[in-house]
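Coordinate inspection notes
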Number of protein chains: 2
Amino acid sequence: MKKHDHTALLSRVREDLPTDDRLCDLADLFRLFGDTTRMRILYALSEAELCVCAISELLGMTQSAISHQLKVLKDGDLVACRREGKTVYYFLADDHVRRIIDQGYEHLTEEKEL
Amino acid sequence: MKKHDHTALLSRVREDLPTDDRLCDLADLFRLFGDTTRMRILYALSEAELCVCAISELLGMTQSAISHQLKVLKDGDLVACRREGKTVYYFLADDHVRRIIDQGYEHLTEEKEL
DNA sequence: CATTCAAATGAACACCTGTTCATATGAAAG
DNA sequence: CTTTCATATGAACAGGTGTTCATTTGAATG
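A brief structural summary. (Residues numbered from 1 in each chain as written. Chains lettered and ligands numbered in written order. Predicted model: local features only at pLDDT ≥ 70, side-chain atom pairs only at ≥ 80, totals over all residues. Heavy atoms only, no water.)

Things to note about the protein's contact with DNA strand D
- Neighbouring DNA strand D are 27 residues; H68 and Y90 of chain A together with T37, S64 and Q69 of chain B lie closest to it.
- V88 of chain A is positioned such that a nitrogen or oxygen atom in its backbone is 3.2 Å from a phosphate oxygen of DNA strand D.
- One nitrogen or oxygen atom from the side chain of T62 of chain B is found 3.1 Å from a phosphate oxygen belonging to DNA strand D.
- Elements supplying a minimum of two residues to the surface near DNA strand D: α4 (52–59), α5 (63–75) and β3 (87–92) of chain A together with α3 (36–47) and α5 (63–75) of chain B.
- Considered class by class, the residues forming the surface near DNA strand D number 7 nonpolar, 12 polar and 8 charged. (Near = heavy atom within 4 Å. Polar contact = N/O pair within 3.5 Å; in protein donor to acceptor, adjacent residues only side chain to side chain. Helix = DSSP H or I, 4+ residues; strand = E, 2+ residues; numbered from the N terminus. Nonpolar A, V, L, I, M, F, W, Y, C, P; charged D, E, K, R; others polar.)

Given below as structure tokens:
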């Protein structure tokens, strides 16, 4: 009398699965969007390119906190920056960022309609 | 001599920003995707509906760990389940989940091409 | 109703993450 | 070269998160 057997099903599922490395990268990517501060920064940058102190003013948070998060976002290639004198302007790295956020936003709004 | 002034820009940006509640919900949503175990579960479920023990076998993790994560995913309305005797089968709650993951996946693959 | 198997739950613990505070870098201006 | 302003960075700390272990629930079966 054996336990519940899934070997057949599981080997089929396993085939179509991306590698663990890939899935880990994917989770890492989404984790970047999974913090309120970072989400607010990303949304702000989707409206306009902004310098660090403007963002910290906008969000009512310390310059240090913003700077740390911008580093995280930059390391994850979600934002990029350019320097102009003492000021550093940040902006979204590409349209994917916007699209990912939009997809999430849609999910939320449609969820509410139910 | 005043500091850098952004009031005009900031009030414009502020107008187009969703409420903080909304942005927090959005971050909460993405946070669900931001863990390797949950991502592996979601991807597996995008291939087939699976019971808890099948998932734990597939991922090589304890039933308890999987069960805890499934609860998180269910509370976040990313997955749903149906019971059949002693067995509980989990599946993706809707197509949005797949689309969000796909969007992220695309981002990763296109990033590599550069 | 006792047993068995699948799943869920709670407490505990180690690890990770985000913020703060203090300080450093780096560019422009005096 | 010193000062000033914008930004970056490092250490430290608090709170959150994921896993494990032990236990419980709940359905089917003898």
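Topic: the protein's contact with DNA strand C
- Lining the immediate surroundings of DNA strand C are 27 residues, of which T37, S64 and Q69 of chain A together with C53 and Y90 of chain B lie closest.
- The protein-proximal atoms of DNA strand C, defined as those within 4 Å of the protein, are 63% sugar or phosphate.
- Between T62 of chain A and DNA strand C, the recorded distance is 3.1 Å, taken from a side-chain N or O atom to a phosphate oxygen.
- Taking S64 of chain B, its side chain carries an N or O atom lying 2.9 Å from a base oxygen of DNA strand C.
- Of the residues that constitute the surface near DNA strand C, the class distribution is 7 nonpolar, 12 polar and 8 charged.

With respect to the sheet that holds β3 of chain A
Residues and elements named next belong to chain A.
- With antiparallel pairing, 3 strands are arranged side by side in an open sheet as β1-β3-β2. Each having just a single partner strand, β1 (50–51) and β2 (79–84) make up the two edges of the open sheet.
- Direction of pairing for β2 relative to β3: antiparallel, over a ladder of 6 bridges. Bridge pairing in β3 links C81 to Y90. (Pairing = 2+ DSSP bridges.)

A closer look at the pairing of strand β3 (residues 87–92) of chain B
Residue and element names in this part refer to chain B.
- Most of β3 sits inside the fold, with 5 of its 6 residues counted as buried.
- Both strand β1 (residues 50–51) and β3 contribute to a ladder of 2 bridges, which runs antiparallel. Residue pairing across strands places L50 opposite Y90, the latter belonging to β3.
- The antiparallel pairing of strand β2 (residues 79–84) with β3 creates a hairpin that spans 2 residues between the two strands, and G85 there sits at a positive phi of about 65 degrees. (Buried < 20%, exposed > 50% of the residue type's maximum accessible area, 1.4 Å probe, protein only.)

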